[in-house]
Amino acid sequence: MNPFLNEYETPFKIPPFEAIEFTHYQPAFDETPFKIPPFEAIEFNHYQPAFDQGMKEHLEEIDTIATNIEEPSFENTIEALERSGKTLDKVSNVFFNLLGSNTNDDMDSLAMSISPRLSSHNDSILLNKKLFERIEEIHENRQSLSLSVEQNRLLEETYKRFIRSGANLDQNSMDRLTKINSSLSSLSVQFDQNVLKETNSFSMVIDNEDDLDGLPEEEIRQAALLAESEGQNGKWVFKPTRVSMYPFLTYSTQRDLREELYNSYIQRGDNDNEFDNKKIISEMIALRQEKASMLGFDNHADYVLDNSMAKTPENVNKLLQTVWEPGIEKAKGEVQSMQQLISEEGANFKLAAWDWWHYSEKLRQEQFDFKEEEVKPFFSEEKVLEGAFDVANKLFDITFTERNDLPKYRDNIRSFVVEDSDNKVIGIFYTDFTLRPNKGGGAWMSTFRSQSKFDGDVIPIVINVCNFPPENADGISLLSFEQVETLFHEFGHGLHGLLSNAQYPSLSGTSVTRDYVEFPSQMMENWAREPEVIKTFAKHYQTGEVISDELLDKISAAGTFNEGFATTEYVAAAHLDMAYHTDKNTITDIDKFEDQALEDLGLITEIEARYRSTYFGHIFAGGYSSGYYSYLWTEVLEADAFEAFKDKGLFDKETADKLKKYVYSAGNTDDLMTQYVRFRGKEPEIEPLLKKRGLN
Ligand SMILES: [Zn+2]
């Protein structure tokens, strides 16, 4: 039986009344506690038919809404749209979550075939003329409808989504737009695959043990394993990936090898071979420009930013410039310190980009005198998570209780019931923290179900996925301080989903603009950096001893180390993104365009942009075109917001209540800047960010 579809295995398919607690007919999917997806019952061959059925049902629902003979109303059109596509949501939420965290070859190939189908499914709804006419009519009459603030927001957001997808274009333009969308989507897949092929095809093979000088034992072991996997037994292989390259750049004493590996990294997609990405970039930029003008915008950045908090390229560029100036000054100072170190060592060369990691690490050790290994025993994954729960409890009055009887998609994941102060269950929280090969890299938050209230109380099911180190010999996973921040970051996204208090699912939780969504997550990291908070959970996993003030001081002093570099490489990439998407000329020579853009900015030769064009996946293969600035934008909000707690106390009740009401619970139910000002009493200022980055 397919748990996604409504069938029972009882005689005559009578609902299995004895087995279920609900008073009305419920599909099998809903027989679990809190109607959590019945993971154990889902098999791979359930997905495809459920996707087929889900899309079919959804289109039927859309057709019913679009051809309704009644006058268009908020209820029979906008709310009906919110209600549509439930089966498709069910299967998509489970499938795409598990594709990210627990995939296999079958899942990967189904994703390849289902993704373009889902995209044209969406197009067919967003470009449905009859449906759009109804939405447009309601939108025109909106003043007379006496809608609530949230209903008004839902109407605006729905209308905007259709307009931005081209719903009010003539048929010819619509056809052209559909073609552009599909070309853009295949070009971006091709871009991504080229980067992957370039990355995989280069190996720096070392066969002389002396060339490993300076590298830690673990890195040497990993390099030997890589060599083995490439049939180079007894040798060592390094690849142009961050995981393999950064340790090599940091610790290797062989300058020429550092240069070789680094250049292989920054040349990816720019080698004039079959995997070259330059032509793809030119085509994508031109198509994006064409699409933007069809939709009435001056350029692609205008089009993208129209639907953001930043609103215009001018606002983005202003922020980038404000941070750039102190950032590049600081970076120049860092170059000087490293150059001095080089001459102290008796060497005679000018610091180059591939030397940066090596010499900054030497400086770091010299200045702060601590090693990662000293810190880790104080940060066991379990204790850090308890610390995060504790912060949420103090701020928002909610509790997390582990439950072992809830459905799980594999071992080693944990599930918690989240309750408010009246012991009312407000959400379900899963953690999937362990590193494994069938999980995507990095860390993220996702939902199996969004919160909503308009059709009865639906509580959210939220998950945090991370790649934390495997258990050590004592069976404990120990985190670096950076990983502690990651845990709090993802937990911040998690709270944004769990505390959501919206009527409509498409406005709930994290369904906000890209340049706002990282605010609640980055915000939560602040508590993880406060000594008073750290001490509540940083206890040695063997002795129980609390972390010392001395060590805490070192961690916090090292916090802004190398910030000139970090700011500079980030802003350079964000600037490049904006340069591509505000230039209306045809761009044919990508290398020249990039050089010119970065020269205009004033980038120094010792630093490359964090991404060079030909492997800048965020903007050519991900959803971040004209959006790479977002991380910095939300950091402005977060640094400014945390000042309120620094002023009034880390857990000040009144401030926390406002933060909950206007940020963590508010989703996208009202204008985001308006919500921010309600919380903070004013618009954000940039000074707290500069201070935090040590740039003031
Ligand atoms: Zn995030």
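The structure presented is a predicted model; accordingly, all values stated were derived computationally and were not measured. (Residues numbered from 1 in each chain as written. Predicted model: local features only at pLDDT ≥ 70, side-chain atom pairs only at ≥ 80, totals over all residues. Heavy atoms only, no water.)

1. Remarks on the coordination of the zinc ion
Stage number 1. Taken together, the protein donors to the zinc ion comprise His 489 (NE2), His 493 (NE2) and Glu 518 (OE), at separations of 2.0 to 2.1 Å.
Stage number 2. The sequence pattern formed by the donor residues of the zinc ion is H-x3-H-x24-E. Of this pair, His 489 sits in helix α17 (residues 481-498) while Glu 518 is found in helix α18 (residues 514-528), placing the two residues 29 residues apart along the sequence. Both residues of the pair, His 489 and Glu 518, count as buried. (Donors = N, O, S within 2.8 Å, 3.2 Å for Na, K, Ca; no water. Helix = DSSP H or I, 4+ residues; strand = E, 2+ residues; numbered from the N terminus. Buried < 20%, exposed > 50% of the residue type's maximum accessible area, 1.4 Å probe, protein only.)

2. Section: the packing of helix α13 (residues 313-344) against helix α14 (residues 356-368)
When two helices pack together, you describe them by how their axes are tilted relative to each other and by the distance separating the axes.
Stage number 1. Their axes nearest at 10 Å, the elements α13 and α14 cross at an angle of 85 degrees. In terms of their interaxial angle, α13 and α14 are classed as roughly perpendicular. Two secondary-structure elements touch here, α13 through Ala 331, Glu 334, Val 335, Ser 337, Met 338, Leu 341 and Ile 342 and α14 through Trp 356, Tyr 359, Ser 360, Lys 362, Leu 363 and Glu 366.
Stage number 2. The residue makeup of the contact of α13 with α14, split by class, is eight nonpolar, two polar and three charged. (Axes fitted to C-alpha atoms, helices over the stretch in contact; angles between N-to-C directions. Parallel < 35°, antiparallel > 145°, perpendicular 65-115°, else oblique. Contact = heavy atoms within 4.5 Å. Nonpolar A, V, L, I, M, F, W, Y, C, P; charged D, E, K, R; others polar.)

3. Things to note about the packing of α13 against helix α24 (residues 630-648)
Stage number 1. The N-to-C vectors of α13 and α24 enclose an angle of 75 degrees; their axes lie 10 Å apart at closest approach. Classified by the angle their axes make, α13 and α24 are roughly perpendicular. Residues Asn 315, Leu 319, Leu 320 and Val 323 of α13 form the contact with α24, whose own contacting residues are Leu 632, Trp 633 and Val 636.
Stage number 2. Grouping the constituent residues of the contact of α13 with α24 by class yields six nonpolar, one polar and no charged.

4. So, the nonpolar core
Stage number 1. By size, the foremost hydrophobic cluster in this structure holds 149 residues, and its most contacted members are Phe 379, Phe 400 and Trp 527.
Stage number 2. In terms of residues, this core owes the most to one element, α13, which gives eleven residues.
Stage number 3. Ranked by size, the runner-up nonpolar core spans 28 residues in total, among them Phe 39, Ile 42, Phe 95 and Ile 461. (Core = buried A, V, L, I, M, F, W, Y, C linked by side-chain atoms within 4.5 Å.)

5. A closer look at the pattern of salt bridges
Stage number 1. Within this structure, the stated rule accounts for 44 salt bridges.
Stage number 2. Arg 117 is the partner of Asp 52 in a salt bridge, and the nearest nitrogen-oxygen pair spans 3.1 Å. You can see Asp 52 sitting in helix α1 (residues 47-66) and its partner Arg 117 sitting in helix α4 (residues 105-126), a full 65 residues away along the chain.
Stage number 3. According to the relative accessible area criterion, Arg 117 is partly exposed, its value standing at 35%. (Salt bridge = Lys/Arg side-chain N within 4 Å of Asp/Glu carboxyl O.)

6. Re the pairing of strand β5 (residues 425-434)
Stage number 1. Taken across its ten residues, β5 has eight buried, putting it largely inside the fold.
Stage number 2. Pairing analysis gives six bridges linking strand β4 (residues 414-419) to β5, with the strands arranged antiparallel. Its bridge partner being in β5, Val 417 is matched across the sheet by Ile 428.
Stage number 3. Counted along the chain from β4 to the antiparallel partner β5, the turn is five residues long, and its residue Asn 423 has a positive phi close to 60 degrees.
Stage number 4. With six bridges joining them, β5 and strand β7 (residues 461-468) adopt parallel strand pairing. In the strand pairing of β7, Thr 431 is matched with Asn 464. (Pairing = 2+ DSSP bridges.)

7. Side note on the side chain of His 540
Stage number 1. Relative to the helices and strands, His 540 is located in the loop between α19 (531-537) and α20 (549-557).
Stage number 2. On the basis of relative accessibility, which here comes to 14%, the residue His 540 falls in the buried class.
Stage number 3. Polar contacts involving the side chain of His 540 include one to the main-chain amide nitrogen of Gln 542, which spans 3.0 Å.
Stage number 4. In contact with His 540, other than residues within four places in its own chain, are Pro 377, Phe 378 and Glu 545. (Polar contact = N/O pair within 3.5 Å; in protein donor to acceptor, adjacent residues only side chain to side chain.)

8. Observations concerning empty space enclosed by the protein
Stage number 1. Across all of its chains, the model carries one cavity of 30 Å³ or more by this definition.
Stage number 2. Here the largest cavity is characterised by a volume of approximately 110 Å³.
Stage number 3. Elements with a contribution of two residues or more to the lining of the largest cavity: α9 (242-251), α10 (255-266), α14 and α21 (563-582).
Stage number 4. When grouped by side-chain class, the residues that make up the lining of the largest cavity number twelve nonpolar, no polar and five charged. (1 Å grid on protein atoms, 1.4 Å probe; cavity = no way out; pocket = protein on both sides within 12 Å on 5 of 7 lines; lining within 4 Å. Points joined across faces, edges and corners; volume = space filled by probe spheres on them.)

9. Digging into the side chain of Arg 436
Stage number 1. Position of Arg 436 relative to the elements: it lies in the loop between β5 and β6 (444-449).
Stage number 2. Using a relative accessible area of 13% as the deciding quantity, one classes Arg 436 as buried.
Stage number 3. Polar contacts involving the side chain of Arg 436 include one to the side chain of Asp 432, which spans 2.7 Å.
Stage number 4. Not counting chain neighbours up to four residues away, the residues in contact with Arg 436 comprise Ser 101, Asn 102, Tyr 409, Arg 410 and Asn 467.

10. So, α24
Stage number 1. Compared with an ideal rise of 1.5 Å per residue, which puts 19 residues at 27 Å, α24 spans 28 Å between its outermost C-alpha atoms and is within 8% of the ideal.
Stage number 2. Burial runs high along α24: 15 of the 19 residues are buried.
Stage number 3. Looking one or two residues beyond α24, the residue adopting positive phi is Gly 649, at roughly 120 degrees. (Expected span 1.5 Å × (residues − 1).)

11. A short note on the environment of Pro 407
Stage number 1. Inspection of the secondary structure puts Pro 407 in the loop between β3 (399-402) and β4.
Stage number 2. Of the residues examined, Pro 407 reaches a relative accessible area of 7% and is grouped as buried.
Stage number 3. It is 43 Å that separates the C-alpha atoms of Pro 407 and Trp 236, two residues lying 171 residues apart in sequence.
Stage number 4. The residues contacting Pro 407, other than those within four sequence positions of it, are Thr 32, Pro 33, Ile 36, Pro 37, Pro 38, Phe 39, Glu 40 and Tyr 430.

12. Some thoughts on the environment of Val 458
Stage number 1. Residue position: Val 458 is located in the loop between β6 and β7.
Stage number 2. Considered as a pair, Val 458 and Leu 385 are 73 residues apart in the sequence and their alpha carbons are 26 Å apart.

13. Here we look at the layout of surface pockets
Stage number 1. A volume near 360 Å³ is recorded for the second largest pocket.
Stage number 2. Around the second largest pocket sit 18 residues that line it, and Asp 420, Lys 424, Ile 426, Ser 500 and Asn 501 are the ones nearest its centre.
Stage number 3. Broken down by class, the residue content of the lining of the second largest pocket amounts to nine nonpolar, four polar and five charged.

14. Some thoughts on the packing of aromatic side chains
Stage number 1. Overall, the coordinates contain 52 aromatic pairs when judged by the stated rule.
Stage number 2. Here Phe 95 and Phe 96 contribute two aromatic rings whose centre-to-centre distance is 5.0 Å and whose plane-to-plane angle is 85 degrees, an arrangement assigned as edge-to-face.
Stage number 3. Aromatic side chains Tyr 676 and Phe 679 sit 5.9 Å apart centroid to centroid with 80 degrees between the ring planes, which places their arrangement in the edge-to-face category. Here Tyr 676 and its partner Phe 679 are both found in helix α26 (residues 672-680), three residues apart, which amounts to about one turn of the helix. (Phe/Tyr/Trp six-rings, centres within 6.5 Å; stacked < 30°, edge-to-face > 60°.)

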